[in-house]
Amino acid sequence: MSGLVIANQDKTQQFNDLRFDQVDVGQKLPVQEIDVTTRLIVSTALASRDYQNVHHDRDQAQALGSQDIFMNILTTNGLVGRFITDWTGPKGRLKSVKIKLGVPNYAGDVMKLVGKVQDKREVSGENLVEVAVTGKNSMGNHVTGTVVVALPAVDQGE
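Residues numbered from 1 in each chain as written. Predicted model: local features only at pLDDT ≥ 70, side-chain atom pairs only at ≥ 80, totals over all residues. Heavy atoms only, no water.

### Comments concerning the packing of aromatic side chains
Where we set the bar: Between the rings of Phe, Tyr and Trp (Trp by its six-membered ring), a pair exists once the centres lie within 6.5 Å; its type follows the angle of the planes, with under 30 degrees stacked, over 60 edge-to-face, and the other angles tilted. Helix and strand definitions follow DSSP, with helices as H or I runs of at least four residues and strands as E runs of at least two, each counted in order from the N terminus. We call a residue buried when its accessible area falls under 20% of the maximum for its residue type, exposed when it is over 50%, and partly exposed in between, using a 1.4 Å probe and counting protein chains only. For a lysine, the NZ atom is tested; for an arginine, the CZ atom; a charge sits over a ring if that atom is within 6 Å of the ring centre and within 35 degrees of the ring normal.
One pass over the full model with this rule turns up one aromatic pair. Between Phe-70 and Tyr-106, the ring centres sit 6.3 Å apart and the planes meet at 85 degrees, which makes this aromatic pair edge-to-face. Remark: Tyr-106 occurs in the loop between β4 (93-101) and β5 (109-123) and Phe-70 occurs in the loop between α2 (58-63) and α3 (73-88); sequence separation between them is 36 residues. Residue class for Phe-70 comes out partly exposed when judged on its relative accessible area of 22%. The ring of Phe-20 carries Lys-120 above its face, with NZ or CZ at 4.3 Å from the centroid.

### What to know about the nonpolar core
Test applied: Buried Ala, Val, Leu, Ile, Met, Phe, Trp, Tyr and Cys residues that are joined via side-chain atoms within 4.5 Å together make up what is termed a nonpolar core. Any two residues having at least one pair of non-hydrogen atoms within 4.5 Å are treated as being in contact.
The biggest cluster of nonpolar side chains holds 26 residues, and the ones touching the most others in it are Ile-84, Trp-87, Leu-113, Val-129, Val-131 and Val-133. For this core, the secondary structure elements donating two or more residues are β3 (32-36), α3, β5, β6 (126-137) and β7 (140-151). Setting aside residues no more than four positions away along its own chain, Val-131 makes contact with Leu-29, Ile-84, Trp-87, Gly-115, Lys-116, Val-117, Gln-118, Gly-145, Thr-146 and Val-147.

### Things to note about the pattern of salt bridges
In plain terms, the rule: Only one rule defines a salt bridge in this text: a Lys or Arg side-chain nitrogen within 4 Å of an Asp or Glu carboxyl oxygen.
The final tally for this structure, using the stated rule, is eight salt bridges. The partner of Lys-91 in a salt bridge is Asp-17, with the nearest N and O atoms 3.5 Å apart. Of the two residues, Lys-91 sits in the loop between α3 and β4 while Asp-17 sits in the loop between β2 (12-14) and β3, which places them 74 residues apart along the sequence. Exposure remark for Asp-17: the relative accessible area of 11% places this residue in the buried category. Between Glu-126 and Arg-93 there is a salt bridge whose closest N-O contact spans 2.6 Å. One end of the pair, Glu-126, is in strand β6; the other, Arg-93, is in strand β4, and 33 residues separate them in sequence. For Glu-126, a relative accessible area of 22% translates into the label partly exposed. Given the relative accessible area of 45%, Arg-93 is considered partly exposed. Salt bridges sharing common partners tie together Arg-93, Lys-95 and Glu-126.

Spelled out as structure tokens, the structure:
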């Protein structure tokens, strides 16, 4: 697989350049672990204009019966999308993301995202891959769902 390389002062990251013919039904995606930090929860809630106190005020969250602040659905949705595009590389285009939340993602936990290719098909000239995704933390499933991504048929650099 060829790939795009992005370099910055902290690290160099190699991106996949996944094509439709390189994907098999049943294929497992590389596991992605995400540290659920207070900074991640608060910054992404504010970035998505979700000002509910349960996403940034520990005292208020606990007064409402929660053990701590917790991640909002928009952040979870974005992390699921990133999980898929980290696998496909920049030529993968998300077509649909359908998720269901389970247990909360509290600050201080780790969410482990796993995925498995459920289907691949060509529809109206697009090469679509459907992936089942689960994000689990120490309490159980935080998120479950499916993502459909369009992939190029051949290396577009050729």
